[in-house]
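Survey of secondary and tertiary structure
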Amino acid sequence: MLNISEKKEIVERLSAQLAGAEITILFDYKGLDVLKMTELRAKLRDAGVQIEVVKNTLLTRAAKGSDSALMQDLYKGPNAIVISADDPVAPAKILVDFAKDNEKLEIKAGTFAGKLISVEEIAQLAKMPSKQELLTKLVCTLNAVPTSFVTVISGVPRAFVNVLSAIKDQKEAA
């Protein structure tokens with residue numbers, strides 16, 4: 001059992017995380033065994049996402065003043081909250097994929113950009129490319145422009161050399 005100072009420390013830490021969150025997703029983990037929960041934690045940690053399993057009363061206090069307060073009516077039963085400050089797609093993808101394989105994980109709702117989002121909206125968010133995929137596409141696109149430009153510019157002298165070579169071959173044949 002936690003004493004008051006430990007509870008205050010948890011609320012302060014969680015409040016700071018929730019205040020800096022780009023997206024938060026609330027889910028019910030009832031029925032998941034320790035092995036599955038550890039697997040989920042590892043996947044989220046690898047993506048740079050925080051997961052907190054905390055009492056609903058402490059979560060209610062920590063959520064005050066943040067977007068997560070919009071989910072306050074859903075703080076019932078065994079809940080865990082996923083918090084991401086950087087990439088809103090990564091936690092949605094991980095949770096939706098994990099829920100497909102583990103029917104006992106129930107996504108309840110989330111908050112994104114100051115709004116409460118439903119399970120369907122979280123599933124739609126999970127279908128989007130991740131931040132890393134978008135950055136990769138951007139770099140490839142930026143790299144393709146100068147490469148194409150160099151190819152076009154080098155084509156003119158190459159064509160000129162081919163014309164000169166053809167004229168030389170024609171004069172030698174005559």
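Before reading further, recall that the structure is shown in the block above.
Predicted, not measured: the structure shown is a model, and the values here were computed from it.

Regarding the pattern of salt bridges
- Inspection of every chain in the model, using the stated rule, returns 4 salt bridges.
- Salt-bridge contacts for R13 lead to E52; the nearest nitrogen and oxygen are separated by 2.9 Å. Here R13 is found in helix 1 (residues 4-19), whereas its partner E52 is found in strand 2 (residues 50-53), with 39 residues between them in sequence.
- For R13, a relative accessible area of 38% puts it in the partly exposed group.
- Residue class for E52 comes out buried when judged on its relative accessible area of 13%.
- One salt bridge connects K43 with E39, and the closest N-O pair in it is separated by 3.5 Å.

Thoughts on the environment of T60
- With respect to the helices and strands, T60 occurs in helix 3 (residues 56-63).
- Judged by its relative accessible area of 18%, T60 is buried.
- Spatially, the C-alpha atoms of T60 and D87 are 24 Å apart, while their sequence positions differ by 27 residues.
- T60 has contacts with Q72 and Y75, leaving out every residue within four places of it along the chain.

So, how was this worked out
- Residues numbered from 1 in each chain as written.
- Predicted model: local features only at pLDDT ≥ 70, side-chain atom pairs only at ≥ 80, totals over all residues.
- Heavy atoms only, no water.
- Salt bridge = Lys/Arg side-chain N within 4 Å of Asp/Glu carboxyl O.
- Helix = DSSP H or I, 4+ residues; strand = E, 2+ residues; numbered from the N terminus.
- Buried < 20%, exposed > 50% of the residue type's maximum accessible area, 1.4 Å probe, protein only.
- Contact = heavy atoms within 4.5 Å.

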